[in-house]
Amino acid sequence: MSEAVSALKAAEFTGGIAEVTLMDPIGMISVRGDLTAAYMKKALKKAVGLGLPDTRSVQINGDRGVAWMSPDELLLLCPYDQVSDTIDMLTKCFGSNHTLAVNVSDARAVFRISGAHSRDVLAKLAPVDLSPATFTPGMIRRTRLAQVPAAFWIEEGDSFRLVCFRSVALYVYDLLKIAAQPGSAPVFYSAKP
Amino acid sequence: MSTRIATGGRLLNKSNAVSFSFNGKQLRGFEGDTLASALLANDQMLVGRSFKYHRPRGIVAAGPEEPNALVNLGQGDRFEPNQRATTTELFDGLQSESQNHWPSLEFDVGAINKHLSRFLPAGFYYKMFIHPRPFWKHVYEPIIRHSAGLGKAPKDLDGDTYEHFHAFCDVLVIGGGVAGLEAARTAALSGAKVIVLEQTAHWGGRAPVDGGTVDGTPVGAFVDTLVEELSTMENVTLRTRVMGAGVYDHGYVLGYERLTDHAPKTAGPRHRLWRIRAGHIVTATGAIERPLSFSGNDIPGVMLAASVRDYLVNYGVSVGDRTVVVTNNDDAYRTAIALTEAGLTVPAILDARVLPQDSALMARAKDLGIRVMMGHAVARVTGGKRVTGVEVCSQSGEGAVLETFPCDAVAMSGGWSPVVHLWSHCGGKLTWDTAGAMFRPDVNNPPLGADGHGFVTAAGAAAGFFALDDILHDAHAAADGVATTLGFKLPADAVSPNADRQEEAPLAPVWMMPQGANVKLREKTFLDYQNDVKVSDVRLAAQEGFVSVEHAKRYTTLGMATDQGKLSNINGLATLAGAMDADIPAVGTTTFRPPYHPISMGSIAGEARGDVFQPIRRTPLHDWHETNGADWEPVGHWRRPYAYPRKGESTHDAVMREVTNTRSKLGMLDASTLGKIIVKGPDAGRFLDMLYTNMMSSLKPGKCRYGLMCSENGFLIDDGVVARIDEETFLCHTTTGGAESIHQHMEEWLQTEWWDFNVYTANVTEQYAQIAVVGPNARTCLEKLGGMDLSKEALAFMEWADGTLGGFKCRVYRISFSGELSYEIAVDAGQGQAFWDALMVAGNDLGVMPYGTECLHILRAEKGFIMIGDETDGTVIPQDLGLNWAISKKKDDYLGKRAQQRTHMADPTRWKLVGLETTDGSTLPDGAYAVGEGENENGQRNMIGRVTSTYHSPTLGKGIAMGLVLNGPDRMGEVLDFPGTDGKTYQAKIVDPVFYDKEGAKQNV
C-alpha cells in the first residue's frame, strides 16, 4: 500500500476573514445499531474510550471521538491507521447483535475553519444558528454547505472541524474561500467589535 | 428651478463634495446625498420618459416608492439597469443615465405616442394585436420589444460577488423608524434576541423630518439616544442598509443588504441576502404618501408633499422657488410651513376639504402668511418638461378655472397608506379604515404560523397610527405582546415614552380632483406613473367588465411595473370602486407578493456562480483524467471521461480506438462513480428479495448476481451487480446516478414500511476507487501485479474475492459489462491513484489504454446490455426489455410485481426491445421513431417504435442500435423506416439485440 492520498493536494487559504485548511485523512467508522443497548456502550468504551453522545453531540478524547448522527447511527473517529483494529474491536463487542460498522475514512474530506469569524463564515453556507450561546463546544450539526451535505463541530475556541464527501472536497474548499473572502465579515455571530 | 439651499441637509456631509454624471453631464453633490437629491440639487427635474407614452417624468418621491426616477447605473461589469435614484446613495464617480428614451431624454421621438393616447387605451395590446394571428410573432412583438422596456440589459458578466447569510432571532423588527426602534427596545428589555433591519443608511425614519418631542426631547435626539441604548445591548443587532424583502411561512424572512452599493471600491461582496428565522416578526415599515389624481399630476415638479419636505430637511434641496401645496389632509401643511420657514414661497395651499374650524397646523400656516384655499383643487398643472403653473378650481365642480398660480413645483398629498406588504406576504388580512381612507392590518387576522397563532405584528404607521405619541405607544404595546407570546417578560419599569400630541383635522377622501373632472382632464390624470395608467383607463376597464380588481390590474397594467403599485394601488382601487359605485373594501386589494422592492439577481444566487455554480463531483482519479486529456461527460454531478482523445485525434476516432483496443488487448475504466451500498442484517436477503425483481437471498457468499430494481409502479429504476459478502452482508452496486436515490429508496422502505426488518444500510460509494480492467490481457496484467490467484478456477465469472494486488488491499469482482474478460477492482479511495498508476505500468507492454464512457456504451451495446436512462425512461418495465429471465417467478412479492400485472403493463402490444441494424451500415439517429401505416387522430403518422441506443461499432464495422418496437421480437428480419431530422429516412432491420459473442465465450475464459 502506498501513502493514503486525501481528496485534494495541500489546500490552505489565508488572508481572508477566516483560515481554511485541508486536514490529513482521519479514521472514520460509520456505526449503526441500538444506541441505548449495553453492547453499544461497551463497544464505545473499548473502541474510543467514550460514552454515548447526546442527540446532536460529539465527544472527543484525544485522537478518538464519537459523534451522534441519527437515532441509530454514530460516527466514530480514530487515527487513520487504526480503523481496521477499531472495527475488529467493535465487531467483537457487538457479538451477534444486529449492527453495522463500516470504514468510511476515504469517503470523506476534512477541513479546519478557524479565526475570529469562523462562525460567520459557516453561517453563510449552512442554515445553522451559530451563535456562541446556541452552538457550543460538544455539538455537531449534520447539515448542508450550500448545495452539498456536510457536518461540523467545534474543535476548540473559534476553530471548527468540518467533514464533507470526498468527491466534493474541491467544491467545499472553493465555497469556504469565497465565504471567507476579505471584507465579507457579517460580524453577527462573532463578538461585536 | 430646483436647487441646493444654504440651510438644511441633516444627512449631508458638506465637507465632502463628490462628483457624478448623469447622461454624460458632470454634476456635483455631497456625501450623504441620494442620486435623486443630488439630481434635484442640480436642477435636473426631468429624469426619464414614461413607459408607454414617453412623457417627460421627474422625481415624485424620496424613497423606494419612486416610480419614475429609474436609471442605468455604472458601466461594464458593474452596469445595472432600473436602479432607483431615490434609493441610490451617491458616491464619487457614480455614472448614471436615464432610460426609456430615444434618441435623447430631452427630445424623444416616442413621445408622439402621447398624441396617440386616444388610440392606446386600456387593453390596447389585447384588442389591437390579436389579428391577424401571425402578425404578433413577426411584426407586433418585435416592434413593441424595441419601443418598450426600461433599462438596457447588462452585457458583461457581473463583476461583483454576493452571498447569503443565515441568522436566527426571537424578534425580528423590520423598519428602523421610531416605531421599529421602540419595538426593538421593548422586546430587548424583556430578554428577547432582537434583530432590527432598516432599509436606508439612517435611523429614525420620517420622525426627524416630521418633528415633535418625546418626553421633552426633540424626536431627532430621542432617536439618537434610543439607537445608542440599543447598540450597547448584547441581545440586539442593528443593521442599516438591509431591507426586509419578504416574509415567508414559519417565520422565515429575506433581508436584502446592500454592502458596497454606496462605496463600490470596498472589498467584499456587494449584496448579502439574509435568510432569517424569527420567532416573531414586527413590521414597523411606516407608510407611503398617496398622490392626488388631477390633470397633469405627472409633470416634472409635481411631487409628494412629504418628499418635498424630505429633500428640504434631509438634503437641503429646494424643489422649487414657488411651490403650490395641494392636499386633503393636515400633513401637507408641514411641507408648506417648512418651505416658508426656509425662505421659499408657497403661493397657496389648495385644501380639498371644507372644515368648520382650523386645526393647529392650519392656524400655524396662516400665521406664516400662507394663503389657504379651502374647498379648492388643482384643475390642471401646466408645463411640459417642468411645471410652469397651476390652474385652480373648486373641488366640487367640473374644473372651471378660478385662478392661476405660476409656480415651479407642486407638493401633493392624498393621505397615507400603511406599508402592509410584509404583513400581507403570508396572508395577513387588511381592514378598511374609513377615517384614514386606507387599508390597515386587521389585527384579528394576522398571518398564521404552524401553531395557528399569528407570527407577524404590525407596529406604528405600518399599523395605521400616525401621531407620534400613538406610534410610540402602539410599538411598545405590540412588542410587549410579542415578547409575552414568546415567553419573555417586560420589566415593570420599562414603559412607553410619551410624545406631545398635536391634534389634526380629519382627512377627506379625494380620489378625483376636481370631483367632476371631465374626460379631457381624466386622460391626463395618472394613477400609475411607471406604466402610464390613467384614471380614464381604469374607468374604461370597469366599463368593459373588468370589475374584479385582479382582472382590472392585468387589463390596465395598473401596479404591474417595477414599483408594484406602491403609489398607484389605493388610488386605482378607489377609482375602480368609483366607476362601479362600490365601496373600496368591497373591491378589495390585489395580492402583495415578495420582494417588497426589487432585489438583485446576484443576491438570490449568492455564492453560486462560476466554479461553485453547482458542485462537481470528482473521482479519486479526476486529476489523472484531466492531465491525460479526457473529454468530460457530466453524469449526475460527476464528471466522467467520455474519451481520451490523443493529439490530432478526433473524439470519435478516440472512441473507436478505445473500443478496438479493449476488445483486442486491454482497457481500463474508472468505475468509481458506480454506487456501492452495504446492506446488512439478519433480514438483508429478505429485504433484497423485495427490492430486486430476481432472487437475491439464494446468492452464496463469494458470488455476484445482476439484479433489476423497480419502483412500486413497476417501472425499471436501477440495475447493478449484487455481491454477497457474508451470510448477513450484501454489497449492492447501483448506477452512477442512482447511488443516493437508491440508498434513499432503501431507507424509505426500511423506515416506513418494513420497520420490522432487521437491516442496516450504508452508502460507501465514495470509500472506494473502483477500476475496471477489461480485455483479453486483463488477467495477465493483474497477475503481473501479483498477490492473488485470479485463474478461472480460483475466481470464476460472477465471483468476487478479497486479497492484495501489487501490495494494494483490494476486492476483486469478476464481472463484465463489456463481454470481455473483465475484473472490477475496488481499493480505498486514497489508494486509487497509486493503484491506477501501478496498473498502467503493469499493462504497459500489454497494450493498456484508458477508456471512457462512450467506449463503455459501445461495448455494452454490442453485447445487448441495457443502460438505465437509455433503454429506460421511467415508463419502461423489465418485461419490455426482454429481461423476464431476471424476474423471479418463485417470489410472492417484490416492489413492482403487482403493478406489472396491471392490464396496461401486461398488454402484449407494449413496445419491446430489439436490435436494429441499418441496411446500409450507417448509424441510426438517436431517438428516431419508426413510422408505421396510417395516421393517428391528430393527423400524424403512426409510430411503431423508437431508437433507444445507437452507435457505430468498430468491432462489427457498422451501425448498431437498440430500440423499442411494437411486437418487435416477433418481427425479426423486418425492415422499418426511421425518418431522421436531416430529411433522410433510415432503414433498419429488426435483429437480435446481442450483436457480439452471444454465447459469452470471451468473458468466460
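Cut-off values and rules
- Residues numbered from 1 in each chain as written.
- Chains lettered and ligands numbered in written order.
- Predicted model: local features only at pLDDT ≥ 70, side-chain atom pairs only at ≥ 80, totals over all residues.
- Heavy atoms only, no water.
- Salt bridge = Lys/Arg side-chain N within 4 Å of Asp/Glu carboxyl O.
- Helix = DSSP H or I, 4+ residues; strand = E, 2+ residues; numbered from the N terminus.
- UniProt positions renumbered as here; feature names shortened; annotations may be inferred.
- Polar contact = N/O pair within 3.5 Å; in protein donor to acceptor, adjacent residues only side chain to side chain.
- Domains from an automatic or database assignment.
- Buried area = accessible area lost by both parts, 1.4 Å probe.
- Contact = heavy atoms within 4.5 Å.
- Nonpolar A, V, L, I, M, F, W, Y, C, P; charged D, E, K, R; others polar.
- Pairing = 2+ DSSP bridges.
- Axes fitted to C-alpha atoms, helices over the stretch in contact; angles between N-to-C directions.

All names here are of chain B. For the coordinates displayed, the defined rule picks out 59 salt bridges over all chains. Between Asp 210 and Arg 309 there is a salt bridge whose closest N-O contact spans 2.7 Å. Here the residue Asp 210 occupies a position in helix H6 (residues 207–210), and Arg 309 occupies one in helix H8 (residues 305–315), the gap between them amounting to 99 residues. A salt bridge links Arg 501 to Asp 470; its shortest N-O distance comes to 2.8 Å.

Mapped onto the present numbering, the UniProt feature "domain: Aminomethyltransferase C-terminal" (unreviewed entry) falls at residues 912–997 of chain B. Helix makes up 0% of residues 912–997 of chain B and strand 55%, and the two end C-alpha atoms of the span are 22 Å apart.

This part covers the UniProt feature "domain: SoxA A3" (unreviewed entry) in chain B. The residues that UniProt annotates with the feature "domain: SoxA A3" (unreviewed entry) are residues 523–606 of chain B. The span residues 523–606 of chain B shows a helical share of 45% and a strand share of 6%, and its end C-alpha atoms are spaced 45 Å apart.

Residues and elements named next belong to chain A. Considering the arrangement of structural elements, one finds Gln 82 in the loop between strand S6 (73–78) and helix H2 (83–94). Measuring from C-alpha to C-alpha, the distance between Gln 82 and Ile 26 comes to 9.5 Å, with 56 residues separating the pair along the chain. A distance of 2.4 Å separates a polar atom in the side chain of Gln 82 from a polar atom in the side chain of Arg 64.

We now examine the domain arrangement of chain A. All names here are of chain A. With domains assigned, chain A is organised as domain 1 (12–24 + 107–179) and domain 2 (27–106). Overall, the association of domain 1 and domain 2 removes approximately 1,100 Å² of surface from exposure, summing both partners, and the carbon and sulfur fraction of that is 58%. Summed over the three residues of domain 1 that lose the most area to domain 2, namely Arg 108, Ile 140 and Arg 142, the buried surface amounts to 50% of that side. Counting the contacts that link domain 1 with domain 2 gives 1 salt bridge. Across the salt bridge formed by Glu 73 and Arg 142, the nearest N and O atoms sit 3.6 Å from each other. Viewed at the interface, domain 2 and domain 1 are joined by 8 residue pairs in polar contact (both at pLDDT 80 or more).

All names here are of chain B. Tracing the chain through its elements places Tyr 813 in strand S43 (residues 808–813). Considering only alpha carbons, one finds Tyr 813 and Gly 610, 203 residues apart in sequence, at a separation of 39 Å. When neighbours within four sequence positions are excluded, Tyr 813 is seen to be in contact with Cys 704, Ala 723, Leu 731, His 733, Gln 770, Glu 799, Trp 800, Ser 822, Tyr 823, Glu 824 and Ala 826.

Turning next to the interface of chain B and chain A. Counting residues at the interface gives 55 residues for chain B, matched by 51 residues for chain A. Roughly 4,200 Å² is buried in total at the junction of chain B and chain A, and carbon and sulfur atoms are behind 55% of that figure. In terms of surface lost to chain A, no three residues of chain B exceed B:His166, B:Tyr760 and B:Glu766, which account for 17% of the buried area on that side. Here chain B is connected to chain A by 3 salt bridges. Between A:Lys124 and B:Glu163 there is a salt bridge, and its shortest N-O distance comes to 2.8 Å. Between chain B and chain A we count 23 residue pairs in polar contact (both at pLDDT 80 or more) in total. Secondary-structure elements contributing two or more residues to the side of chain B that touches chain A are strand S9 (162–174), strand S13 (236–239), strand S16 (271–283), strand S36 (675–680), strand S40 (760–763) and S43 of chain B. When residues in the side of chain B that touches chain A are grouped by element, the largest group, 6 residues, is from S9(B). Of the residues contributing to the side of chain B that touches chain A, the split by class is 25 nonpolar, 14 polar and 16 charged.

With that settled, consider the sheet that holds S6(A). Residue and element names in this part refer to chain A. Strand order in the open sheet formed by 5 strands is S4-S5-S6-S3-S7, and the pairing between neighbours is antiparallel. Each edge of the open sheet is held by one strand with a lone partner, namely strand S4 (58–61) and strand S7 (100–103). Here the average twist between neighbouring strands, direction ignored, is 20°. In this structure, strand S5 (residues 64–70) lies alongside S6, joined through 5 bridges in antiparallel fashion. Across the sheet, residue Ser 70 finds its bridge partner in S6, namely Glu 73. Relative to the sheet, helix H1 (residues 38–48) contacts strand S3 (27–32), S4, S5 and S6, its axis offset from that of S6 by approximately 15°. Where H2 meets the sheet, it contacts S3, S5, S6 and S7, and its direction lies at approximately 20° from that of S3.

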